[in-house]
Amino acid sequence: MRAWDGGKRVLLAAPRGYCAGVDRAVVAVEKALDLYGAPVYVRKEIVHNKHVVRTLEERGAVFVDETSAVPEGETVVFSAHGVSPAVREEADARSLKTIDATCPLVTKVHREATRFAKQDYEILLIGHEGHEEVEGTAGEAPEHITIVDSPAAADTVVVADPDHLVWLSQTTLSVDETMETVRRLRERFPNLQDPPSDDICYATQNRQVAVKKIAPEADLVIVVGSANSSNSVRLVEVALEAGARSSHRVDTASEVEDAWFDGVTTVGVTSGASVPEVLVRDVLADLARRGYGTVEEVTTAQEDLVFSLPTDLRKDIKRRRLPVTPV
């Protein structure tokens, strides 16, 4: 970052916003609506963002909590967070046409859980109890998996065989908090094995690195993202831990409060991995009206990963010769 003369400014973190898995999931619902017409049912929120969900509802998507709420024979999209085998079995029993929009990085963790369970490992799944992703992963091998939802929980978790133990994690956690949890687990279980590769997704890590870069110079960091977005909530925590004087999460610019700006010269801005850029632009416009019109983008990584649409959806698109929007 360049030297600053002391005037009001915004440090805009990059990368921010949509990751490849979120983009794929949202486009999957849009293409399903184009192909099959409304309604298209979606189990849970396709991604954790109020604006995205509301926009898709306006197009005819119907969000349901459970597969049992989908009429037999209809189309249902599984969200980016993934589902358990039990959910897939229920969909089959109801003759539902399924479109699996699970993020491929979440699918990777599911496969790791299945593989380690077949090898009779006990699996410590680091993640937030009740989160859809954790429920889906745990459902792959419930008899083998114990959820560890915080560093403190690492001090009390009970295992059957400490010498045949492996840890996995939810993809959207704080990297630092996860590593602290692993450190505390390994103090108790020295033979704890690591997953074959990082479970926390590249986008989550990149957004945390970017906010760490801007936080030390920021009097205030605004994180755009919904309250049920794990990675967005983590960005607020990471900003504060990295030195920001204050940090707040907002769904939209309308939630930005006047009281936050007392004595504030530098505002950091970022957004969670399920946030469309239009919401960030609205926040920047609000900041400009407050006198923070100078925007410096601070880039810590370039992202070019893309995921293809779900297989069955691509086949139907090809059959009907609809254009395939790049994801």
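Residues numbered from 1 in each chain as written. Predicted model: local features only at pLDDT ≥ 70, side-chain atom pairs only at ≥ 80, totals over all residues. Heavy atoms only, no water.

Draft legend 1. Here's a closer look at the overall build of the chain. If you tally the helices and strands in the chain, you get 10 helices and 12 strands. Expressed along its principal axes, the backbone C-alpha trace of the chain runs to roughly 65 × 55 × 30 Å. A buried classification covers 53% of the 327 residues belonging to the chain. Long-range pairs, those at least 24 residues apart, make up 75% of the contacts in the chain with a sequence separation of at least 6. Entry remark: accessible area of the chain is about 14,100 Å², with carbon and sulfur atoms responsible for 48%. (Helix = DSSP H or I, 4+ residues; strand = E, 2+ residues; numbered from the N terminus. Buried < 20%, exposed > 50% of the residue type's maximum accessible area, 1.4 Å probe, protein only. Contact = heavy atoms within 4.5 Å. Areas by Shrake-Rupley, 256 points an atom, 1.4 Å probe, with all protein chains shown as cover.)

Draft legend 2. Local environment of the packing of aromatic side chains. In total, this model carries 2 aromatic pairs according to the counting rule given. Aromatic side chains Phe 116 and Tyr 121 sit 5.4 Å apart centroid to centroid with 80° between the ring planes, which places their arrangement in the edge-to-face category. Its relative accessible area of 5% is what places Phe 116 among the buried residues. On the basis of relative accessibility, which here comes to 11%, the residue Tyr 121 falls in the buried class. When the ring of Phe 261 is compared with that of Tyr 292, the centres are 5.6 Å apart and the planes differ by 45°; the resulting orientation is tilted. Of this pair, Phe 261 sits in the loop between strand 10 (247–250) and strand 11 (266–271) while Tyr 292 is found in the loop between helix 9 (277–289) and strand 12 (295–299), placing the two residues 31 residues apart along the sequence. (Phe/Tyr/Trp six-rings, centres within 6.5 Å; stacked < 30°, edge-to-face > 60°.)

Draft legend 3. Structural detail: helix 8 (residues 230–241). Given a rise of 1.5 Å per residue, 12 residues ought to cover 16 Å, and the 17 Å separating the end C-alpha atoms of helix 8 matches this to within 8%. Along helix 8, the residues that are buried comprise Ser 230, Asn 231, Ser 232, Arg 234, Leu 235, Val 236, Val 238 and Ala 239. In the core, the buried residues of helix 8 are packed alongside helix 7 (202–214), strand 9 (220–224), strand 10 and strand 11. Gly 243 sits one or two positions beyond helix 8 and adopts a positive phi of about 120°. (Expected span 1.5 Å × (residues − 1).)

Draft legend 4. Inspection of the pattern of salt bridges at higher detail. A full pass over the atoms with the stated rule returns 27 salt bridges. Between Arg 16 and Glu 297 there is a salt bridge whose closest N-O contact spans 2.7 Å. In this pair, Arg 16 sits in the loop between strand 1 (9–14) and helix 1 (20–36) while Glu 297 sits in strand 12, placing the two residues 281 residues apart along the sequence. Given a relative accessible area of 13%, Arg 16 falls into the buried group. In this structure, the salt-bridge partner of Arg 290 is Asp 286, at a minimum N-O distance of 2.8 Å. The class of Arg 290 is partly exposed, set by a relative accessible area of 23%. (Salt bridge = Lys/Arg side-chain N within 4 Å of Asp/Glu carboxyl O.)

Draft legend 5. The sheet that holds strand 8 (residues 165–169), seen in detail. Read across the open sheet, the 3 strands follow the order 7-6-8; overall the sheet is parallel. What marks the edges here is a single partner per strand, and that holds for strand 7 (145–148) and strand 8. Neighbour to neighbour, the strand axes of the sheet diverge by 30° on average, direction disregarded. Bridge count for strand 6 (residues 122–126) against strand 8 is 5 bridges, and the pairing is parallel. Opposite Leu 125, over in strand 8, you have Leu 168 as the bridge partner. Helix 4 (residues 104–118) rests against strand 6, strand 7 and strand 8 of the sheet, and its axis sits at about 165° to strand 8. (Pairing = 2+ DSSP bridges. Axes fitted to C-alpha atoms, helices over the stretch in contact; angles between N-to-C directions.)

Draft legend 6. Structural detail: the side chain of Thr 67. Note on placement: Thr 67 falls in the loop between strand 3 (61–64) and strand 4 (75–78). On the basis of relative accessible area, Thr 67 is assigned to the buried category, the value being 1%. The residues contacting Thr 67, other than those within four sequence positions of it, are Arg 43, Val 87, Glu 90, Ala 91, Arg 94 and Leu 96.

Draft legend 7. Representation of the sheet that holds strand 12 in the model. Overall, parallel pairing links the 5 strands, which are arranged 10-9-11-1-12 in an open sheet. Strands at the two margins of the open sheet, each flanked by one partner only, are strand 10 and strand 12. This sheet shows a mean twist of 25° between the axes of neighbouring strands, independent of strand direction. Relative to strand 11, strand 1 is paired through 4 bridges, and the arrangement is parallel. Paired with Arg 9 across the strands is Thr 266, a residue of strand 11.

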